[in-house]
Amino acid sequence: MSTINKLQIRLLSFPKDFTYNELKALLEWYGYEEIQGAGSRICFRKKGHKIKLHRPHPGNVLKKYQLDLIVDMLINRGLIQKQK
């Protein structure tokens, strides 16, 4: 099983310790480009589709609402499938 597959499975399990670095690696594999905004604002863009969020700080762990938002967007774009 590849690292990306492991990250997909991990993301869909909604872990409490999913990091920004893991998200960035996964989204870049899907073809998203990271765009730095003002302060901690980040946008990942791919062909007109944008995922906007704040980079976690002072730590590196994403909040639950961010994981919910990202998973919903990736499911709606057909990039990942819900676990059964």
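Residues numbered from 1 in each chain as written. Predicted model: local features only at pLDDT ≥ 70, side-chain atom pairs only at ≥ 80, totals over all residues. Heavy atoms only, no water.

(A) A look at the overall build of the chain. Across its full length, the chain holds 3 helices and 3 strands. Computed over its C-alpha atoms, the radius of gyration of the chain comes to 12 Å, within 12% of the 12 Å expected for a compact globule of 84 residues. In terms of overall dimensions, the chain has a C-alpha envelope of 40 × 30 × 20 Å along the principal axes. In the chain, which comprises 84 residues, the proportion classed as buried is 36%. Sequence separation of 24 or more characterises 40% of the internal contacts of the chain that already satisfy a separation of 6 or more. About 5,500 Å² of surface is accessible on the chain, with carbon and sulfur atoms providing 52% of the total. (Helix = DSSP H or I, 4+ residues; strand = E, 2+ residues; numbered from the N terminus. Rg over C-alpha atoms; globule rule 2.2 N^0.38 Å. Buried < 20%, exposed > 50% of the residue type's maximum accessible area, 1.4 Å probe, protein only. Contact = heavy atoms within 4.5 Å. Areas by Shrake-Rupley, 256 points an atom, 1.4 Å probe, with all protein chains shown as cover.)

(B) How the structure looks around the nonpolar core. Ranked by size, the top nonpolar core spans 21 residues in total, and within it Leu23, Leu27, Phe44, Ile51 and Leu74 carry the most contacts. When residues of this core are traced back to their parent elements, those giving at least two are α1 (3-12), α2 (20-29), β2 (41-46), β3 (49-54) and α3 (64-76). Leave out the neighbours within four places in its chain, and Ile51 touches Leu27, Tyr32, Ile42, Cys43, Phe44, Ile70, Met73 and Leu74. (Core = buried A, V, L, I, M, F, W, Y, C linked by side-chain atoms within 4.5 Å.)

(C) Structural detail: unusual backbone geometry. For the peptide bond that leads from His57 to Pro58, omega is 10°, which places it in the cis range. If you check the backbone angles, Lys47 has positive phi at about 45° while not being a glycine. With respect to the helices and strands, Lys47 occurs in the loop between β2 and β3. Among the residues examined, Lys47 registers a relative accessible area of 81% and is labelled exposed.

(D) Local environment of the packing of α1 against α2. Following both chains from N to C, one finds α1 and α2 inclined at 120°, their axes separated by 10 Å at the closest point. Overall, the two elements α1 and α2 adopt an arrangement that is oblique. Considering how the two elements wind past one another, α1 and α2 form a crossing that is left-handed. Taking contact as the criterion, the partners of Ile4, Leu7, Gln8, Arg10 and Leu11 in α1 are, on α2, Glu22, Ala25, Leu26 and Trp29. Of the residues contributing to the contact of α1 with α2, the split by class is 6 nonpolar, 1 polar and 2 charged. (Axes fitted to C-alpha atoms, helices over the stretch in contact; angles between N-to-C directions. Parallel < 35°, antiparallel > 145°, perpendicular 65-115°, else oblique. Left-handed = near helix turned anticlockwise from the far one by under 90°. Nonpolar A, V, L, I, M, F, W, Y, C, P; charged D, E, K, R; others polar.)

(E) Representation of the pairing of β2 within the structure. Pairing of strand β1 (residues 33-36) with β2 involves 4 bridges; the strand directions are antiparallel. Across the sheet, residue Glu33 finds its bridge partner in β2, namely Arg45. Here β1 folds back onto β2 in antiparallel fashion, the turn holding 4 residues, of which Gly39 has a positive phi close to 65°. Where β2 and β3 come together, 6 bridges link them in antiparallel fashion. By the bridge assignment, Ile42 is partnered in β3 with Leu53. Linking β2 to β3, which pair antiparallel, is a turn of 2 residues; within it Lys47 sits at a positive phi near 45°. (Pairing = 2+ DSSP bridges.)

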